[in-house]
Amino acid sequence: MQYSALALGMVLAFGGVGTALAADPATIDWRPIAATVVPLFYPGQSSYEWLHSDAHKGASSVVRGKSCAACHDESDAEKVMGNAIVKGGPLEPVPLQGKSGYKDLRVQAAYDTKNLYLRFEWQTDKPYPGTEHQYLRFDGREWKVWGFPKLDKVVQEGKQPGLYEDRMSIMVDDGKVAGFAQHGCWLSCHDGQRDMPKAFTPEEVAANALLLAIQKKDVRKYLPDTRTNPSDWKTGKSVEDIAKLKAEGKFVDLIQWRAHRSHAVGMADDGHVLGFRLSDAGKDMYASNADAKTHAPIYMFDEKKMGFKSITADSPARKGALFLVREQNAVPFDPRAAWKEGDMVPDYVISREDAKGSAADNNAQALWKDGKWSVVLVRPLGLNNADDKSLQVGGVYQVGFAVHDDNITTRGHHVSFVKTLGLGALKADIQAVALP
């Protein structure tokens, strides 16, 4: 298929970022580097609040500061828990047919004088790569978003197709966030968030002083230290107090490789979690393709390069890697073109040239083959940014991993308990080795 070849060329062109990297990740020989198998499991709605509640048998141990893995120390603990939760029950009110409860994540790590290289490999639930994301669809009168994550009500009711990109995430702490070494990402997952118990209402958000101050319209990940009551998202501390926590390094790094919004240009998100889940300073590699006022697309496909200006739901092009990259295959949207009901263009436009600042620190290369994603994440060492953890040779860091696939986001992922990552350090679950 001509389009698939063009898409692959785009990925390779952006993936080979040349002098920006000390080593070309595509040429690293990973065979002699030991892999650590990290078990991931489906957590459902097991929030920070649930960990501390009577519904959790280990709540008293959590209060005493005991780690999750200290109790769940059986060799198959994650598999047993994930397979039970995913079927439905108190922690999963919306069980999804065909969703797996458990995944093995193979992790390899290496470093040189400039970068940390992390290689991840996992099996996807679907027999194809989840590189598609949402679209803008013309209904004959206006353009509307088409395709939503599987947990959304419109998908559950059959009004929209389940559609979302695959994603690989890593949280990193350097020991400055209280409780992260014990409970990892559960420190950031709370009741009130999207798809969680007691989910926020628009009225609650509109009345919340912290969310108003930081100009947010929903509730996402946050750390307990940013609330006067750690179990109540509405009790946010002042912007000034949260800024002091950030200056003290009491935030976690959040790096996300996205199969649609970053993969196409050989990059990964760079963000952090403190009072909210935030992108780092600067600009990401993706942006909305919808005009803020009209909601019509800003860009469409370049018909001279692609053979089409848009697609439809049954288009063969959807079987390829369908990205809208501003520098490669996008042209300004023409409202005078003969648009028909059912025409679709991607809801996001992607650009490596637009990515800048701390938000553009991370590169990544990825390949889907034989039902598996292989992703190599490239993280610079020694970053001197206010919103990054500065990784150093000899350092040991607390990390947590998550994988989203099967057209889903928010809590519909597979997660790990906390692991340690060492750069040249012998006492760590995952040991990064020096490249020759």
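What comes next concerns the included structure. From a predicted model like this one, the values you see are computed outputs, not experimental measurements.

Along the protein chain, the regular secondary structure elements total eleven helices and 20 strands. Taking 2.2 N^0.38 as the reference for a compact globule, 436 residues should give roughly 22 Å; the C-alpha atoms of the protein chain span a radius of gyration of 21 Å, in line with that estimate. Along the first, second and third principal axes, the C-alpha set of the protein chain runs to 65 × 55 × 45 Å. Counting all 436 residues of the protein chain, 54% fall into the buried class. A sequence separation of at least 24 residues applies to 72% of the contacts in the protein chain between residues at least 6 apart. Taken as a whole, the protein chain presents about 19,500 Å² of accessible surface, with 52% of it coming from carbon and sulfur. Computed over 54 positive and 55 negative side-chain charges, the separation of the two mean positions in the protein chain equals 1 Å.

The subject of this paragraph is unusual backbone geometry. For Asp370, which is not glycine, the phi torsion reads 55° and is therefore positive. As for its position among the elements, Asp370 is in the loop between β15 (362-369) and β16 (372-380). Given a relative accessible area of 68%, Asp370 falls into the exposed group. The phi dihedral of Asn407 falls on the positive side, at around 60°, and the residue is not glycine. Residue position: Asn407 is located in the loop between β17 (396-404) and β18 (414-415).

Here the focus is the sheet that holds strand β4 (residues 135-138). The strand order across the open sheet formed by three strands is β5-β4-β13, and the pairing between neighbours is antiparallel. The open sheet has two edge strands, β5 (143-146) and β13 (344-346), and neither has a second partner. Between one strand axis and the next, the sheet turns by 35° as a mean value, whatever way the strands run. In the sheet, β4 pairs with β5 via four bridges, with the strands oriented antiparallel. Residue pairing in the sheet places Tyr135 in a bridge with Trp146 of β5.

The biggest cluster of nonpolar side chains holds 32 residues, and the ones touching the most others in it are Leu105, Phe120, Trp122, Trp257 and Phe401. Beyond its immediate chain neighbours, meaning those up to four positions away, Phe401 contacts Val38, Leu40, Leu105, Val107, Phe120, Met168, Ser169, Ile170, His414, Val415, Ser416 and Ile430. Counting residues in hydrophobic clusters, the runner-up holds 24 residues, among them Met171, Phe180, Trp186 and Leu254.

For the rest of this paragraph, the subject is helix α5 (residues 77-85). Every buried residue of α5 is listed here: Ala77, Glu78, Met81, Gly82 and Ile85. Projected down its long axis, α5 shows its buried positions confined to an angular sector of 110°, all on one face.

Another point: the pairing of strand β19 (residues 419-423). Bridge count for β17 against β19 is four bridges, and the pairing is antiparallel. Residue pairing for β19: Val396 is matched across the bridge by Gly422.

A separate point is the environment of His133. Relative to the helices and strands, His133 resides in the loop between β3 (115-123) and β4. Overall, His133 belongs to the buried group, its relative accessible area being 1%. Setting aside residues no more than four positions away along its own chain, His133 makes contact with Leu163, Tyr164, Glu165, His260, Arg261 and Tyr348.

Looking now at the pattern of salt bridges. Counted by the stated rule, this structure contains 29 salt bridges. When the shortest N-O distance is used, the salt bridge between Asp29 and Arg31 registers 2.9 Å. For Asp29, a relative accessible area of 37% gives the class partly exposed. Among the residues examined, Arg31 registers a relative accessible area of 75% and is labelled exposed. We note a salt bridge from Asp334 to Arg336, for which the minimum N-O separation is 3.5 Å. With relative accessibility at 25%, the residue Asp334 sits in the partly exposed group.

Take the side chain of Ser358 next. Position of Ser358 among the secondary structure elements: in the loop between β14 (348-350) and β15. Of the residues examined, Ser358 reaches a relative accessible area of 8% and is grouped as buried. Among the polar contacts made by the side chain of Ser358, one reaches the side chain of Asn385 at a distance of 3.3 Å. Beyond its immediate chain neighbours, meaning those up to four positions away, Ser358 contacts Asp270, Asp280, Ala281, Asn385, Asp387 and Asp388.

Topologically, Ala59 is positioned in helix α3 (residues 59-63). It is 45 Å that separates the C-alpha atoms of Ala59 and Asn289, two residues lying 230 residues apart in sequence. The contact partners of Ala59, leaving out residues within four places of it in the chain, are Leu51, His52 and Ser53.

Basis of the calculations
Residues numbered from 1 in each chain as written. Predicted model: local features only at pLDDT ≥ 70, side-chain atom pairs only at ≥ 80, totals over all residues. Heavy atoms only, no water. Helix = DSSP H or I, 4+ residues; strand = E, 2+ residues; numbered from the N terminus. Rg over C-alpha atoms; globule rule 2.2 N^0.38 Å. Buried < 20%, exposed > 50% of the residue type's maximum accessible area, 1.4 Å probe, protein only. Contact = heavy atoms within 4.5 Å. Areas by Shrake-Rupley, 256 points an atom, 1.4 Å probe, with all protein chains shown as cover. Lys, Arg positive; Asp, Glu negative; His and termini not counted. Charge placed at Lys NZ, Arg CZ, Asp CG, Glu CD. Pairing = 2+ DSSP bridges. Axes fitted to C-alpha atoms, helices over the stretch in contact; angles between N-to-C directions. Core = buried A, V, L, I, M, F, W, Y, C linked by side-chain atoms within 4.5 Å. Arc of directions from axis to C-beta. Salt bridge = Lys/Arg side-chain N within 4 Å of Asp/Glu carboxyl O. Polar contact = N/O pair within 3.5 Å; in protein donor to acceptor, adjacent residues only side chain to side chain.

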